[in-house]
Amino acid sequence: MNHNSVCLEREAFCCSICLDLLKDPVTIPCGHSYCMNCIQSCWNREDEQRIHSCPQCRKTFTPKPVLTKSTMLADLAEELKKTGLQAAPVDHCYAGPEDVACDFCTGRKLKAFKSCMQCLASYCEKHLQPHYDAATFKKHKLVEPSKNLQENICSRHDEVMKMFCRTDQQSVCYLCSVDEHKGHDTVSAAAERTERQRELQESLQQILQRVQDREGDVKLLQQEVEAISRSADKTVEDSEKIFTELIRLIQKRSSDVKQQVRSQQEAEVSRVKERQEELEQEITELKRKAAELEQLSHTEDHIHFLHNYRPLSALSESTHSSSINIRPLRYFEDVTAAVSELRDKLQDTLRQTWTNVSLTEVDVLLSEPEPQTRAGFLQYSCELTLDPNTAQRELKLSEGNRKVTRVTQQQPYFNHPDRFKGCQVLSRESLTGRSYWEVERRGGGVSVAVAYKSISRAGRGNECIFGRNDKSWTFDCFQNSYTFYHNKVLTEVSGPPSSRVGVYLDHRAGILSFYSVSETMTLLHRVQTTFTEPLYAGFMICYYGSSCELCSVK
């Protein structure tokens, strides 16, 4: 037996699935033989389709054939093992389970070299040659080997799907376009691919721009970390010098201040680094999406592209702006000033001034930028209700305590220490952090306010009127004009008349803004201050018949 015949025998007794000598061989109705486990595993994957086929010739069987071990093939395989004729090494030219096989090879199939989009078949180099030689095939489009060719066949007409129905968003053949899709907006698959490719490129550019913006933000945050650390180091150094002069009297306080600054530094650096990590995670995710779109953009199979591509919706608003807006920072200078005061007053004032040092806040927090769109504000929207225990008796609450109207008939409210004597009412919920709410007003003489709960409820002076004291801020709305009051100081405000007013509060940053809400949002007035207590939303109704309602914007 020569070498060539040995190789033939090896191939004859090899399973084309596992490429090894047959184990428990079985022969299926088409005449091809496989290992019992190999063909069972293959057919198990086809059980849902209820049609079982031969992995080599593709002949189908219904129902699934009963598999019986071939005693003759089993004996021959055993003899081959005894004589040392093991299976030949896997030839890299042959198609394995994960490869695209040539559709025209018989027996053991070679790997496909190209797939033809017109023939909807895959060819090895040998069987592909006619596409290069014959004029008939030269116009056919050849692509990299693809397992997705059957996706190009219309299941109803058994025709190649070269059209795309924009009305139903699906690939169709020509017969579909003049039959059930007649009158629909249909174009060639190539034309739709061109349009989707343009959208893909735009989406890719948006992602790459977002990546660039976020990388700039990360760099800015790193600079902020360095600035905080430098200021903290300098504050510690100055504090130690001052406390050295005081020797024993304030030596313990020196240690306390040092610990306070370091603790605050650590907390703020940790906060900034956490923001950095969030941005870096966003960058990683954006790059991953960009890579997926980039890979999809290079596929040559239009149908595969259309089946797998979904238009990228507008990039969701990031939880952070595209640039970091940092308020002017005071860092730790207040601590240094407080320590200097201690040095000057020495032991007699140590106990009193130390309280100031302990309560001094180190303002190194990053300020979140104010949103620029209504959608941006709505992410901070809060559901507020009015507190009946605070409503003056001429104020009627309705709509689940979200609407207040001034009426002439006094309401049967029971006595309560929180009730206003003037025509005012506060919300039940307190406001801290970032909040946004909208108010729909009817009539004039309506004031949209925020106030501390500690504001006076009765009296003849300004201590209980919104805007006329240091515990409240009020935006007064008349028919065609606005004014702003705080601590008895009036500010004239100009802006477009609107029945809806949006209120934005950043309690920590000390920002209070009022907006005219229509098709667009127009800033009417902004306050920058320091809030020392939780705030409550409030209304003051000056005219009978006028009303205000807290809008549901979620």
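- The name that an unreviewed UniProt entry assigns to the protein is Tripartite motif-containing protein 16-like, with the source organism given as Parambassis ranga.

### Points about the pattern of salt bridges
Item 1. Scanning the model with the defined rule gives 27 salt bridges in all.
Item 2. Among the salt bridges present, the one from Lys-287 reaches Glu-215, with a minimum N-O distance of 3.7 Å. You can see Lys-287 sitting in helix 7 (residues 251-297) and its partner Glu-215 sitting in helix 6 (residues 189-246), a full 72 residues away along the chain.
Item 3. For Lys-287, a relative accessible area of 44% puts it in the partly exposed group.

### Focus on the environment of Tyr-504
Item 1. Looking at the secondary structure, you find Tyr-504 in strand 19 (residues 500-506).
Item 2. Since its relative accessible area comes to 0%, Tyr-504 is described here as buried.
Item 3. For the pair formed by Tyr-504 and Arg-434, sequence separation is 70 residues and the distance between their alpha carbons is 7.6 Å.
Item 4. Within the local environment of Tyr-504, its side chain forms a polar contact with the side chain of Arg-434, the two groups lying 2.5 Å apart.

### Observations regarding the pairing of strand 12 (residues 403-406)
Item 1. Summarising the sheet, strand 11 (residues 395-398) and strand 12 pair through 4 bridges and their orientation is antiparallel. What sits directly across from Ser-398, in strand 12, is Lys-403.
Item 2. The turn linking strand 11 back onto strand 12 is made up of 4 residues, and Glu-399 within it adopts a positive phi angle of 55°.
Item 3. Pairing between strand 12 and strand 23 (residues 547-550): 3 bridges, direction antiparallel. Bridge pairing in strand 23 places Val-404 opposite Cys-548.

### Here's the deal with helix 2 (residues 36-44)
Residue pairs three or four apart in sequence face the same way in an α-helix, which turns once every 3.6 residues.
Item 1. If you check which residues of helix 2 are buried, you get Met-36, Cys-38, Ile-39, Cys-42 and Trp-43.
Item 2. Those residues of helix 2 hidden inside the fold are in contact with strand 1 (25-27), strand 2 (33-35), strand 3 (52-53) and strand 4 (60-61).

### What about the sheet that holds strand 7 (residues 142-143)?
Item 1. Strands sit in the order 6-5-7 across an open sheet of 3 strands; the sheet is antiparallel. Strand pairing shows two members of the sheet lacking a second neighbour, strand 6 (121-123) and strand 7, which therefore form its edges.
Item 2. As judged from the 2 bridges shared by strand 5 (residues 114-116) and strand 7, these two strands associate in the antiparallel manner. Paired with Ser-115 across the two strands is Val-143, which belongs to strand 7.
Item 3. Contacts from helix 4 (residues 125-133) reach strand 5, strand 6 and strand 7, with the element oriented near 110° to strand 6.

### Topic: the sheet that holds strand 17 (residues 482-486)
Item 1. Read from one edge to the other, the open sheet built from 6 strands follows the order 13-22-15-16-17-18, with strand pairing classed as antiparallel. The sheet terminates laterally at strand 13 (424-431) and strand 18 (489-493), the two strands that pair on one side only. Pairs of neighbouring strands in the sheet enclose a mean axial angle of 20°, with direction left out of account.
Item 2. In terms of strand pairing, strand 17 meets strand 18 through 5 bridges, oriented antiparallel. Bridging across to strand 18, Tyr-482 finds its partner in Val-493.

### Some words on the environment of Thr-27
Item 1. Position of Thr-27 relative to the elements: it lies in strand 1.
Item 2. With a relative accessible area of 40%, Thr-27 lands in the partly exposed category.
Item 3. C-alpha separation for the pair Thr-27 and Thr-68, spaced 41 residues apart in sequence, amounts to 7.7 Å.
Item 4. When residues no more than four places from it in sequence are discounted, the contact partners of Thr-27 are His-32, Ser-33, Thr-68, Ser-70 and Leu-73.
Item 5. Within the structure, the side chain of Thr-27 is placed 2.9 Å from the side chain of Ser-33, a separation counted as a polar contact.

What counts, and where the lines are drawn
- Residues numbered from 1 in each chain as written.
- Predicted model: local features only at pLDDT ≥ 70, side-chain atom pairs only at ≥ 80, totals over all residues.
- Heavy atoms only, no water.
- Salt bridge = Lys/Arg side-chain N within 4 Å of Asp/Glu carboxyl O.
- Helix = DSSP H or I, 4+ residues; strand = E, 2+ residues; numbered from the N terminus.
- Buried < 20%, exposed > 50% of the residue type's maximum accessible area, 1.4 Å probe, protein only.
- Polar contact = N/O pair within 3.5 Å; in protein donor to acceptor, adjacent residues only side chain to side chain.
- Pairing = 2+ DSSP bridges.
- Contact = heavy atoms within 4.5 Å.
- Axes fitted to C-alpha atoms, helices over the stretch in contact; angles between N-to-C directions.

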